Amino acid sequence: MIERTLSIIKPDGVERHLIGKIISKFEENELYPVRIEMKHLTQKEAEGFYDVHVGKPFFNELVSFMSSSPVVLMVLEGEDAVAKNRKIMGATNPANAEEGTLRRMYAKSIDKNTVHGSDSLENAKKEIAYFFG
Ligand code: IDP
Ligand code: MG
C-alpha cells in the first residue's frame, strides 16, 4: 500500500551537512519527499511532538536537543513507507543498527541519532498533521 510517513533530519544531521545524503538514500529506496520544511523547533513544539515520551528519563534532553538548532521535516511517500523508512533508519541505538542503515552510517549516539521516523501508520498521520496540518 502507498503510505506517507514523517521523517525528520535531526539537528546533528543538519549540522554535519548530511541532508543531501539522507534524502538520496530515501530516493534510492523509492521513498519520495512530498513536503519538506527546514525549521528551528521551539521547545514547546518539540515537547508536543514527543508527548508520548513525557516522564521518560531522556525526555528533557531529547526536547532540548531537538530544539537546539534547525531540523528538516519531511513527508515521505512510497510503498509501505512507514515500515520501509524504519528499516532504512535502523535501530534507535546506532550501536545496534544494521550495516547500511542511516543510523549505523551517521549516528554518533542513541540521543543524537540523526533521523526520526514515524513508528506506525496511525502515528504517521498524527505526526504529519502536527507539522503540516
Ligand atoms: P525511535 O526514534 O527509534 O522511534 P523512540 O523510542 O521513539 O525511538 O525514542 C525517541 C528518541 O528519543 C530516540 O530517537 C532517541 O533520540 C531518544 N532516546 C530514546 N531512548 C533513549 C535513551 O535511552 N537515552 C537517550 N535518548 C533516547
Ligand atoms: Mg519513536
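Quick caveat: nothing in here was measured; it's all calculated off a predicted structure.

Enquirer: For this particular structure, what's the right way to read helix α4 (residues 59-66)?
Expert: Think of an α-helix as 3.6 residues a turn; residues three or four steps apart then line up on the same face. Among all positions of α4, only Phe59, Leu62, Val63, Phe65 and Met66 are buried. For α4, the arc enclosing every buried residue in end-on projection is 165°, short of the 170-degree limit, so these residues lie on one face. Considering only its buried residues, α4 is in contact with β1 (2-9), α1 (11-15), α3 (43-49) and β3 (71-79).

Enquirer: I keep staring at the site of ligand 1 and nothing clicks. Help me out?
Expert: Taken together, the neighbourhood of ligand 1 is formed by Lys10, His53, Phe58, Leu62, Arg86, Thr92, Arg103, Ile110, Asp111 and Asn113. At a separation of 3.0 Å, an oxygen atom of ligand 1 approaches a polar side-chain atom of Lys10. Notes on ligand 1: free accessible area 530 Å², of which the protein chains cover 77%. According to the grid-proximity analysis, the pocket containing ligand 1 is the largest pocket.

Enquirer: What is the right way to look at the pairing of β3 in this model?
Expert: When a strand is regular, its side chains alternate between the sheet's two faces. With 7 of 9 residues buried, β3 lies mostly within the body of the structure. Here 8 bridges tie β1 to β3, and the two strands are oriented antiparallel to one another. Opposite Thr5, over in β3, you have Leu76 as the bridge partner. Sheet analysis places strand β2 (residues 32-39) next to β3, joined by 7 bridges and oriented antiparallel. Bridging from a neighbouring strand, Glu37 pairs with Leu73 of β3.

Enquirer: I'm lost on the packing of aromatic side chains in this one. Help?
Expert: Both the distance between ring centres and the angle between the ring planes are used here to describe each pair of aromatic rings. Summed over the entire model, instances satisfying the criterion amount to 4 aromatic pairs. Ring geometry for Phe49 and Phe131: centres 5.1 Å apart, planes at 35°, overall tilted. Of the two residues, Phe49 is situated in helix α3 and Phe131 in helix α7 (residues 121-132); the sequence distance between them amounts to 82 residues. The exposure class assigned to Phe49 is buried, which follows from its relative accessible area of 8%. By relative accessible area, which is 11% here, Phe131 ends up buried. Ring geometry for Tyr130 and Phe131: centres 4.9 Å apart, planes at 80°, overall edge-to-face. One aromatic cluster is present, formed by Phe49, Tyr50, Tyr130 and Phe131 through successive ring pairs.

Enquirer: Could you clarify how one ought to interpret the pattern of salt bridges in this entry?
Expert: Charged atoms that come close allow side chains of opposite charge to pair. Tallied over the full model, the rule gives 5 salt bridges. A salt bridge links Arg4 to Glu77, with the shortest nitrogen-to-oxygen separation between them at 2.7 Å. Within this pair, whereas Arg4 is found in strand β1, its partner Glu77 is found in strand β3, the two being separated by 73 residues in sequence. Given a relative accessible area of 43%, Arg4 falls into the partly exposed group. For Glu122, the salt bridge goes to Lys126, with nearest N and O atoms at 3.9 Å. Residue Glu122 and its partner Lys126 are both found in helix α7; the two are separated by 4 residues, about one turn of the helix. One exposure class covers both Glu122 and Lys126, and it is exposed.

What counts and what doesn't
- Note that residues are indexed from 1 along each chain, following the sequence as it is written.
- Throughout, the order in which chains and ligands are written sets their labels, letters from A for the former and numbers from 1 for the latter.
- Reporting in this predicted model follows two pLDDT cut-offs: at least 70 for local features of residues, and 80 or more for side-chain atom pairs to be given and counted; totals over whole chains, interfaces and linings ignore these cut-offs and use all residues.
- To obtain the side-chain values, all non-hydrogen atoms of the structure were included, while hydrogens and water were left out.
- For every residue, the accessible area obtained with a 1.4 Å probe (protein chains only) is divided by the maximum for its type, and the residue is called buried under 20%, exposed over 50%, and partly exposed between those limits.
- Helix and strand definitions follow DSSP, with helices as H or I runs of at least four residues and strands as E runs of at least two, each counted in order from the N terminus.
- Directions pointing from the helix axis toward each C-beta atom define the arc.
- Residue contacts are counted whenever heavy atoms from the two residues lie within 4.5 Å of one another.
- Here a residue counts as near a molecule or strand whenever at least one of its heavy atoms sits within 4 Å of it.
- For the purposes of these results, a polar contact is taken to be a pair of N or O atoms within 3.5 Å, where, inside protein, one atom must be able to donate a hydrogen and its partner to accept one; residues adjacent in sequence count only when each atom of the pair is a side-chain atom.
- Using a 1.4 Å probe, the Shrake-Rupley method yields the accessible areas, and only the shown protein chains count as cover for residues.
- Think of a 1 Å grid over just the protein atoms. A cavity is a set of points where a 1.4 Å probe fits yet cannot get out, a pocket is an open set with protein on both sides within 12 Å along at least five of seven lines, and lining residues have an atom within 4 Å of a point.
- Placement in a cavity or pocket follows one criterion, namely that more than half of the molecule's atoms lie within 2 Å of its grid points.
- Should DSSP find at least two bridges between two strands, the strands are regarded as paired.
- Aromatic rings from Phe, Tyr and Trp, taking only the six-membered ring of Trp, are treated as a pair when their centres fall within 6.5 Å; an angle between ring planes under 30 degrees marks them as stacked, one over 60 as edge-to-face, and anything in between as tilted.
- When a carboxyl oxygen of Asp or Glu lies within 4 Å of a side-chain nitrogen of Lys or Arg, that pair is called a salt bridge.

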